[in-house]
Amino acid sequence: MEKEQKASGLLPIEEELVYRVGWLIKLRWIAATTLLLSVTIVNYILKLPIEILPLLAIGSLIIAYNIVFKICFEKSKRNLSRNTGPFHRLANLQVATDWIALIFLIHYTGGIESLLVFCFVFHITISSILLSRLNCYWQVGFATCLLILLTLFDYLGIIGHVAMPFLPVGGFYDNPIAVGAVLLFLLAIMWTVMYLTTSVTVKLREREKGLFLLEGRLEEAYSKLEEVDEARSNFLLGVTHELRSPLASIGSTLSLFEEGYLGKTSIKQKRVVEGMQERVEFLLMLVMDLLKLTQLRERRPTQTRAKIDITKIINVVVDSLRAQAEYKGIDLQTQISSHPLYIWADAGEMELLISNLLANAIKYTSPKGNVQAKVCKQDSQVKMEVSDNGIGIVREEFAKIFKEFYRSDNAKEVDKTGTGLGLTIVKRVLEKYGGKIDVQSVVGKGSKFVFILPAMSLPKLPGR
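Basis of the calculations
- Residues numbered from 1 in each chain as written.
- Predicted model: local features only at pLDDT ≥ 70, side-chain atom pairs only at ≥ 80, totals over all residues.
- Heavy atoms only, no water.
- Helix = DSSP H or I, 4+ residues; strand = E, 2+ residues; numbered from the N terminus.
- Buried < 20%, exposed > 50% of the residue type's maximum accessible area, 1.4 Å probe, protein only.
- Contact = heavy atoms within 4.5 Å.
- Areas by Shrake-Rupley, 256 points an atom, 1.4 Å probe, with all protein chains shown as cover.
- Core = buried A, V, L, I, M, F, W, Y, C linked by side-chain atoms within 4.5 Å.
- Patch = residues over 30% accessible without salt bridge, like charges linked within 9 Å, V, L, I, M, F, W, Y side chains within 5 Å.
- Salt bridge = Lys/Arg side-chain N within 4 Å of Asp/Glu carboxyl O.
- Phe/Tyr/Trp six-rings, centres within 6.5 Å; stacked < 30°, edge-to-face > 60°.
- Lys NZ or Arg CZ within 6 Å of the ring centre and 35° of its normal.
- Pairing = 2+ DSSP bridges.
- Axes fitted to C-alpha atoms, helices over the stretch in contact; angles between N-to-C directions.
- Polar contact = N/O pair within 3.5 Å; in protein donor to acceptor, adjacent residues only side chain to side chain.
- pLDDT = per-residue confidence, 0-100.

**Q** Hey, could you run me through the overall build of the protein in this one?
**A** Across its full length, the protein carries twelve helices and seven strands. Counting over 464 residues, the protein shows a buried share of 39%. Sequence-distant contacts, at least 24 apart, represent 73% of the contacts inside the protein between residues at least 6 apart. Within the structure as shown, the protein displays about 26800 Å² of accessible surface, and the carbon and sulfur contribution to it stands at 62%.

**Q** Looking at this structure, how should I read the nonpolar core?
**A** If you look at the biggest cluster of nonpolar residues, it comprises 50 residues, and the most contacted ones within it are Trp99, Phe120, Leu130 and Leu147. Looking at this core, the elements with two or more residues in it are helix H2 (12-45), helix H3 (52-78), helix H4 (85-107), helix H5 (118-130), helix H6 (133-156) and helix H7 (176-258). Dropping the residues within four chain positions of it, Trp99 is found in contact with Phe120, His123, Ile124, Ser127, Gln139, Phe142, Ala143 and Leu146.

**Q** Any chance you could explain a nonpolar patch on the surface here in plain terms?
**A** Judged by side-chain polarity, Leu37, Ile41, Tyr44, Ile45 and Leu46 come together as a nonpolar surface patch covering roughly 540 Å² of accessible area. Inspection of the secondary structure puts Ile41 in helix H2.

**Q** It is not clear to me how the packing of aromatic side chains should be interpreted in this structure. Could you clarify?
**A** In this description, an aromatic ring pair is defined by two values, namely the gap between the centres and the angle between the planes. Across all of its chains, the model carries four aromatic pairs by this definition. Between the aromatic rings of Phe73 and Phe87, the centroid separation amounts to 6.0 Å while the plane-to-plane angle is 80 degrees, which identifies the pairing as edge-to-face. Here the residue Phe73 occupies a position in helix H3, and Phe87 occupies one in helix H4, the gap between them amounting to 14 residues. Like Phe73, the residue Phe87 is buried in the burial classification. Taking the centre distance of 6.1 Å and the plane angle of 45 degrees together, the rings of Tyr137 and Trp191 count as tilted. With a gap of 54 residues between them, Tyr137 in helix H6 and Trp191 in helix H7 connect regions that are remote in the sequence. Against the face of Trp23 rests Arg20, its NZ or CZ located 5.3 Å from the ring centre. Positioned over the ring face of Tyr342 is Lys307, at 4.4 Å from the centre of the ring.

**Q** What exactly am I supposed to notice about the sheet that holds strand E7 (residues 446-453) here?
**A** The pairing of strands in a sheet happens through backbone hydrogen bonds and is either parallel or antiparallel. In space, the five strands of this open sheet follow the order E2-E4-E5-E7-E6, with mixed pairing throughout. Every interior strand has two partners, whereas the edge strands, strand E2 (331-336) and strand E6 (436-442), have only one. Neighbouring strand axes in the sheet, compared pairwise and without regard to direction, differ in orientation by 10 degrees on average. Relative to E7, E6 runs antiparallel, the two sharing seven bridges. Across the sheet, the residue bridging to Val439 is Phe449, located in E7. Packing against the sheet, helix H9 (residues 310-327) makes contact with E2, strand E4 (370-378) and strand E5 (381-388), and its axis sits at approximately 170 degrees to E2.

**Q** What's the story with the side chain of Arg28 in this structure? I'm lost.
**A** Note that Arg28 resides in helix H2. Among the polar contacts listed, one links the side chain of Arg28 to the side chain of Asn66, at a separation of 2.6 Å. Residues in contact with Arg28, not counting those within four places in the same chain, are Ile62, Tyr65, Asn66, Phe69, Gln94 and Asp98.

**Q** Sorry, what's going on with the confidence of the model for the protein here?
**A** One rule of thumb: low pLDDT means the predicted coordinates there are not for detailed reading. For the protein, per-residue confidence averages 79 on the pLDDT scale, and residues scoring 70 or more make up 78% of the total. Within the protein, no element has a lower average pLDDT than helix H1 (residues 2-8), which sits at 42, and none a higher one than H3, at 91. In this model, residues 1-8 is a region of pLDDT below 50 whose contacts with residues beyond four sequence positions or in other chains number 14 contacts. Taken as a whole, residues 456-464 scores under 50 in pLDDT and shows 14 contacts with residues more than four places along the chain or in a different chain.

In structure tokens form, the structure reads like this:
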């Protein structure tokens, strides 16, 4: 149905009309078959006196005109377009034809004494679903006229009343007050049901139409937001690219001053140069992190992904950070599977993810502490843990640490030059691959970051 809607441009309420018209045709097959079977059982098995030939003729006639409706419906459906006029006309014609069939059915089963008069109420409910409120009023008005005429003709003996001897009601049509009371009661029920069902249906249709319009506005707003976000990312990418080279150049020049290549400098001048160099290094680090974050926001093609062994990535990252860990006197340990653990990912992004987690652990662990990286296969997933016995994180800050530029107070005390983007990059990489990350931490005792890459990230092995 959704594909048809996109192809034809129909509103959901219009698609519902097409569906309901087809549904009514299917329902009529059941009704006609049930009628024919019931008449046969009542006459030949229960041996009750009924007008079998007229009733069988009515059932056969229902099947005949339903075939015509089915042909018209299929033809209109093949030519489905933005114009739903044919379906509106087909719905009205079906309902009107059913009223006529029902009035004959009621006549041959005892008139308004028949229990089948309540089929009118059922058919009114169907009409309110299919038709507009105005058309439903016309249809119920038509059904009212038919019922009044049937009752009047029966009472006056114009068409001859078909009595049901097995019904407990006797001499009903001899009492005009009883006939009038029953007729008024039936009509009151019909119009009440029509009013209630159409009231509910109209409200539902208005709400559905409002939701459809709101969905369109939301899609348009989302599209504009995507354009703004893309423009922002492009701007940020351009700015970071432009800033990187000048900052690197400034840093190199300051190094020349600090090392005395450009002449002797006083102790005071040296301190100023060192302070400037620290700020430039911080700015360069911030620019690099922003560049990485911006690149992750870009929708890169799936061709950048490949079958990689994550254990090799971890070993490369650990080797690159081992000197930093040894400088601080930190014991950097790994517990890695001896077998390859393949995932379908971009090697550079996986390296970025793991290096940020391990670098953070080393940075916020005191000398003589320890940092450990574990990776294993859990069911059809890859699970990695990075744990340390460092400063830890306050529980209230678990949700905040992944936000851009956020840094906890105890982290600022340890390192004042952090950018607050490391864990943001980690989360962004995991989101890109449908992964999840969990934090476990106690202040003063350490932290553990656990991330999982789901089964969808795993490549299909040959032969499977």
